[in-house]
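Okay, here's what each chain looks like letter by letter:
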Amino acid sequence: MPQVSTLDLVLAAESRKSGIGAFNVVHLETAEAIAAAAERSNLPVIMQVSHNCIRYHGGFEPIGHAMLEIARNSTAEIAVHLDHCESVELACQAIDLGFSSVMYDGSTLPYEENLAATAKVVEYAHKKGATVEAELGEIGGKKSAHAPGVRTDPAESKEFVAATGVDTLAVAVGSEHAMTSRTATLDHELIGRLRQAAGVPLVLHGSSGVSDQEILRGIASGMTKINVSTHLNGFYTGAIREYLAAHPDIVDSRKYTMAGREALSQEAQRLLTLFASGSAR
């Protein structure tokens, strides 16, 4: 299927008062698992890769091209997105490669520098027909990030969106990156104020640490794009551990990575269905 626009998928979900899953690619098996989850659930998905993952692969083009090809060859609606990019140049490279959207993360920069760099990415993206997500108010759990208690200010979000022209905004409302327990509590009252003030769809980062019911409440409060990485990676790694424990003599890596891929895909399918339901109202 021809690649679809990230923003189109987000706006469609928002109009239905539901959420859309945005799942991180770590390697080829992850991308295949995400595509299979979208196909089996008959729901759209945003497939994204982070700046850190690109560093792991030693470059952007091999993993980026693989994601684009998987999306093109899938029967599902799959948008391809660059997540947590800390480089203006890499953001522009992703757009030139064919990604429909990028997330420029200048959240660790002083406010004025973040604003200027984000506006530069937005200008380039919009000329090429792509869209931009930005982050305001650092989300805990990342190296050099502020304490988890940090929250995005609604008035500042309104000013930032107006000054940069970003299409979606990641906000700090209580979640943290890289959590392995789903115990985070979201500030639902703040989410509602941020959605009204910002005027663009909101993105929840660090969703791996948020329970199903809390995510659904967040969607009802005004979140739309729901990013998940660590939680899915746990299913992948757990299935491989179980397979190797049951088959100690195995040497064919396809056997155990297949088990990991399927476990991740099944959970991704469940999450896509959950987010689309938007039932906690």
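Nothing here was measured: the structure is a model prediction, and the numbers come from that model. (Residues numbered from 1 in each chain as written. Predicted model: local features only at pLDDT ≥ 70, side-chain atom pairs only at ≥ 80, totals over all residues. Heavy atoms only, no water.)

**Points about the pattern of salt bridges**
Summed over the entire model, instances satisfying the criterion amount to 13 salt bridges. One salt bridge in this structure joins Glu69 and Arg72, with 2.7 Å as the shortest N-O distance. Of the two residues, Glu69 and Arg72 are both situated in helix H4 (residues 61-73); the distance of three residues between them amounts to about one turn of the helix. We note a salt bridge from Lys225 to Glu133, for which the minimum N-O separation is 2.9 Å. Taken together, the residues Lys225 in strand E8 (residues 223-228) and Glu133 in strand E5 (residues 131-136) connect sequence positions 92 residues apart. One continuous salt-bridge network, built from bridges that share partners, spans Asp212, Glu267 and Arg270. (Salt bridge = Lys/Arg side-chain N within 4 Å of Asp/Glu carboxyl O. Helix = DSSP H or I, 4+ residues; strand = E, 2+ residues; numbered from the N terminus.)

**Considering helix H8 (residues 188-198)**
Think of an α-helix as 3.6 residues a turn; residues three or four steps apart then line up on the same face. Of the positions making up H8, those classed as buried are His188, Leu190, Ile191, Leu194 and Ala198. End-on, the buried residues of H8 take up no more than an arc of 150°, which puts them together on one face. Where H8 is buried, its residues touch helix H7 (154-164), strand E6 (168-171), strand E7 (202-204), helix H9 (212-221) and E8. Phi turns positive one or two residues past the end of H8, at Gly199, with a value near 75°. (Buried < 20%, exposed > 50% of the residue type's maximum accessible area, 1.4 Å probe, protein only. Arc of directions from axis to C-beta. Contact = heavy atoms within 4.5 Å.)

**Description of the environment of Ser107**
Within the secondary structure, Ser107 is located in the loop between strand E4 (101-104) and helix H6 (111-127). Overall, the relative accessible area of 11% leaves Ser107 in the buried class. A sequence separation of 23 residues divides Ser107 from His84, and the C-alpha atoms of the two residues are 9.8 Å apart.

**As for the packing of H6 against H7**
It is at 9 Å that the axes of H6 and H7 come closest, and there the two elements cross at 40°. By the angle between their directions, the pair H6 and H7 is classed as oblique. Considering only the axes of H6 and H7, their crossing is right-handed. Contacts between H6 and H7 involve Tyr111, Asn114, Leu115, Thr118, Ala119 and Val122 from the former and Glu156, Glu159, Phe160, Ala163 and Thr164 from the latter. A per-class count over the contact of H6 with H7 returns six nonpolar, three polar and two charged. (Axes fitted to C-alpha atoms, helices over the stretch in contact; angles between N-to-C directions. Parallel < 35°, antiparallel > 145°, perpendicular 65-115°, else oblique. Left-handed = near helix turned anticlockwise from the far one by under 90°. Nonpolar A, V, L, I, M, F, W, Y, C, P; charged D, E, K, R; others polar.)

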